[in-house]
Structures are given as structure tokens and as C-alpha cells.
Amino acid sequence: MTAIPLGVPRRPVEFTLDGQEARVPEGSTILDACRAAGKDVPTLCEGDTLTPKNACRVCVVEVEGARTLAPACSRRAEPGMVVRTDTERARHSRKVVLELLASSVDLSTTPAVAGWLKEYEAKPDRFGPDAARVDEQPQIDNDLYVRDYGKCILCYKCVDACGEQWQNTFAISVAGRGFDARISVEHDAPLTDSACVYCGNCIEVCPTGALSFKSEFDMRAAGTWDEERQTETTTVCAYCGVGCNLTLHVQDNEIVKVTSPHDNPVTHGNLCIKGRFGYQHVQNRD
């Protein structure tokens, strides 16, 4: 049995959200309040298991009295504040951010982005064919996962998951500056020569598909990847006694990838190399 600390009860914070009274526990963010109220505020770099980095700026909202737009993912709700999520200023900012991102990287495997581009009438093509793009080829140097930096928006989530927030391996970081900034291992060495332990926790938090299972990458390339045909079954990893929960993604009676529930008190979405990638023996029918 896992003991779940209850902690000290948090006091409620009351404020105005789009003209309606909102009430959330102390310490909640504006984005938490928006989700509780059923408001669809877009976000890319926010992760429910990570500390916000405020990198993508897609979730900006307007706070009365503030000079600049505030990132909803990190701005804490305060008593009496007045927040508007759908003003012309906020929508224009989101539109421009989406245009800049979509004009520089491939967002084709980023969930919900196609809908946001349509909703905010974003036109990435307006920057013309000379717009700088990250047209890197996918790096396939192992049998577990693929790095496609042509889809990377530098949200820092993989760096945080690999670093002090979860894995504490510190195999990757951000190298370069400006448009040359990229995710890299120490001394830009091959991944196989780095400190990477292949836990795959970076894949778990990647919002764009820049990091993906080798199985998913191969199936997408073959045109056979179909999430609508996939089923998800949550079970317990059998490799050790920790009790990590695994969610098996199955298509055509084959496990195509493994994730872990973010709300599980044991894993919080994190796994080791065996839990995330060691499933081949289950379907070895030879």
C-alpha cells in the first residue's frame, strides 16, 4: 500500500475569470482555474508533472492592471484578480506564436495544433519560403527511440525530465544560442556515448513528437500508425517490486508503445528502460 500525504488543506482563492467568479485552491495557476471551468486555453510547454518553464507562450492571458500578458501555466491565481482569456490581445499573441512555431518546425504530429491554427486563423506561410526552418533529419542511433529535432520547439520539458525534476541523469541540455539553440548531449556526442539510461521519460513529456518510440516512428513512416484503432490497458510492471503502472498501447494485437499514468503516486508518468521498452517478450510468438 502506498501512503499518500494529504498535507495542509489549501485555502480557496476567489477571483474573476472571463466575467465569472472562480474559486480554486491556494497555489493553483490560472491554467488550473481555466481547466476547472472548462475553458480551452492552448498550451504546448506545460506539463502536469513538471514545473512550468514559460517557454512556448501559447497560453497567455490578460490580467487586469498588468503591463504584459501573463502565461496562464505559471501565473498563480490571486484573490481579487480579474483575468480574461479570450481578448483580442491574447488571441493575437497566440496567433503570432503559433505562426512562428509552425513556420520554423514541423508540427504535423503535435496533438491539437491543427485545430488551434484554424481557430486563431494563423497563417504560417505568410513569412514566405525564405523563413528559417529547422530541417534536420531524424536521428536513428538506437532501437528504442528516435530524435527528430525538426519537430522540436525547445520547450525544455525533456531537459527537465532528464534532469533535476525527475531522472537526475542530466544526459541532455540546450546547446547553442538564438536560432542555433538545440537539444544536445554533452560535447554533442552520439546518444549511445552519453549518460542516457534510455528510460524514455523524455518521450513521455515531449509535446510534438520530436521524441518518439522507434516502433511508432517506423509505423508512421509505413503509414500504418492509427491511434483510433489502438486500445489502452493499464497494468503493473512485472520486472521488480516497485509496482510501476504501465499503460500498454495495442494495435492489431501488438504492443506499439508503453506509457505510464501521470496521476499514479508511484510513477507520476516515469518509468525505467525495462518498464517502458522491455515488452517484446510478451508478444514473442516464435
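Shown above is the structure to which this text applies.
If you're wondering where the values come from, they're calculated on a predicted model, not measured in any experiment.

Caption draft 1: Just the overall build of the protein, in detail. In terms of helices and strands, the protein carries 7 helices and 12 strands. Computed over C-alpha atoms, the radius of gyration of the protein comes to 20 Å, within 12% of the 19 Å expected from 2.2 N^0.38 for 286 residues, which places it in the range of a compact globule. Taken along the three principal axes of its C-alpha coordinates, the protein extends 65 × 55 × 40 Å. Across the 286 residues that make up the protein, the buried fraction comes to 46%. When contacts within the protein are restricted to residue pairs at least 6 apart in sequence, long-range pairs at least 24 apart make up 55% of them.

Caption draft 2: Structural detail: helix H6 (residues 214-222). For H6, every residue scored as buried is listed here: Lys-214, Glu-216 and Met-219. Gly-223 sits one or two residues past H6 and shows a positive phi near 80°.

Caption draft 3: Broad picture of the layout of surface pockets. In this model, the largest pocket occupies a volume close to 890 Å³. Forming the boundary of the largest pocket are 34 residues, of which Pro-111, Glu-204, Cys-206, Pro-207 and Lys-257 lie nearest the centre. Secondary structure elements with two or more residues in the lining of the largest pocket: helix H5 (201-205), strand S9 (211-213), H6 and strand S12 (254-259). If you add up the space inside the second largest pocket, you get close to 440 Å³. Along the wall of the second largest pocket there are 21 residues; nearest its centre are Ser-104, Cys-152, Ile-153, Leu-154 and Phe-179. Contributions of two or more residues to the lining of the second largest pocket are made by helix H2 (88-104) and strand S8 (182-185). Split into classes, the residues belonging to the lining of the second largest pocket amount to 15 nonpolar, 3 polar and 3 charged.

Caption draft 4: Seen up close, the nonpolar core. Core analysis: the largest hydrophobic core is formed by 29 residues, its most contacted members being Tyr-145, Cys-158, Ile-172, Ile-183, Ile-203, Leu-211 and Val-258. Looking at this core, the elements that each hand over two or more residues are helix H4 (157-162), S8, H5, S9, strand S11 (245-251) and S12. Beyond its immediate sequence surroundings of up to four residues, Leu-211 is in contact with Tyr-145, Val-146, Arg-147, Cys-158, Cys-202, Ile-203 and Cys-206.

Caption draft 5: Quick look at the sheet that holds strand S3 (residues 60-63). Overall, mixed pairing links the 5 strands, which are arranged S2-S1-S5-S3-S4 in an open sheet. Either end of the sheet is taken by a strand with one partner, and the two such strands are strand S2 (20-25) and strand S4 (70-71). Examined bridge by bridge, strand S1 (residues 12-17) and strand S5 (residues 82-84) share 2 bridges and lie parallel to one another. In the strand pairing of S5, Thr-16 is matched with Val-82.

Caption draft 6: Here's a closer look at the pairing of strand S7 (residues 172-175). Pairing of S7 with S8 involves 4 bridges; the strand directions are antiparallel. Note on S8: the bridge partner recorded for Ser-173 is Ser-184.

Caption draft 7: Examining empty space enclosed by the protein more closely. Inspection of every chain in the model, using the stated rule, returns 3 cavities of 30 Å³ or more. Quantified by volume, the largest cavity comes out at close to 270 Å³. Every residue lining the largest cavity is counted, 30 residues in all, and those nearest its centre are Cys-158, Ile-172, Ile-183, Cys-202 and Leu-211. The set of elements that each furnish at least two residues to the lining of the largest cavity consists of strand S6 (145-147), H4 and H5. By residue class, the composition of the lining of the largest cavity is 23 nonpolar, 5 polar and 2 charged. In this model, the second largest cavity occupies a volume close to 70 Å³. In terms of lining residues, the second largest cavity is bounded by Thr-109, Val-146, Asp-148, Lys-151, Gly-209, Ala-210, Ser-212, Glu-216, Phe-217 and Arg-220. Each residue belonging to the lining of the second largest cavity can be placed in one class, and the counts come to 3 nonpolar, 3 polar and 4 charged.

Caption draft 8: The arrangement of the sheet that holds strand S10 (residues 231-236) in detail. Strand order across the open sheet formed by 3 strands is S10-S11-S12, with antiparallel pairing between neighbours. Edge positions in the open sheet fall to S10 and S12, since each of these has one partner strand only. Looking at each pair of strands side by side, their axes are set apart by 30° on average, direction ignored.

Caption draft 9: Summary view of the pattern of salt bridges. Under the counting rule described, the total for this entry stands at 19 salt bridges. By sharing partners, the salt bridges in this structure join Glu-216, Arg-220, Glu-227 and Lys-257 into a single network.

Caption draft 10: Quick peek at the side chain of Gln-230. Relative to the elements of secondary structure, Gln-230 occurs in the loop between H6 and S10. Note on Gln-230: relative accessible area 14%, which makes it buried. Side-chain polar atoms of Gln-230 contact the side chain of Gln-251, separated by 3.0 Å.

Caption draft 11: Region of the structure containing the environment of Thr-235. Among the secondary structure elements, Thr-235 is positioned in strand S10. Take Thr-235: its relative accessible area is 33%, and that puts it in the partly exposed class. In the structure, Thr-235 is positioned 13 residues away from Leu-248 in sequence and 7.7 Å away in space, judged by C-alpha atoms. Beyond its immediate sequence surroundings of up to four residues, Thr-235 is in contact with Cys-244, Asn-245, Leu-246 and Leu-248.

Rules behind the numbers
Residues numbered from 1 in each chain as written. Predicted model: local features only at pLDDT ≥ 70, side-chain atom pairs only at ≥ 80, totals over all residues. Heavy atoms only, no water. Helix = DSSP H or I, 4+ residues; strand = E, 2+ residues; numbered from the N terminus. Rg over C-alpha atoms; globule rule 2.2 N^0.38 Å. Buried < 20%, exposed > 50% of the residue type's maximum accessible area, 1.4 Å probe, protein only. Contact = heavy atoms within 4.5 Å. 1 Å grid on protein atoms, 1.4 Å probe; cavity = no way out; pocket = protein on both sides within 12 Å on 5 of 7 lines; lining within 4 Å. Points joined across faces, edges and corners; volume = space filled by probe spheres on them. Nonpolar A, V, L, I, M, F, W, Y, C, P; charged D, E, K, R; others polar. Core = buried A, V, L, I, M, F, W, Y, C linked by side-chain atoms within 4.5 Å. Pairing = 2+ DSSP bridges. Axes fitted to C-alpha atoms, helices over the stretch in contact; angles between N-to-C directions. Salt bridge = Lys/Arg side-chain N within 4 Å of Asp/Glu carboxyl O. Polar contact = N/O pair within 3.5 Å; in protein donor to acceptor, adjacent residues only side chain to side chain.

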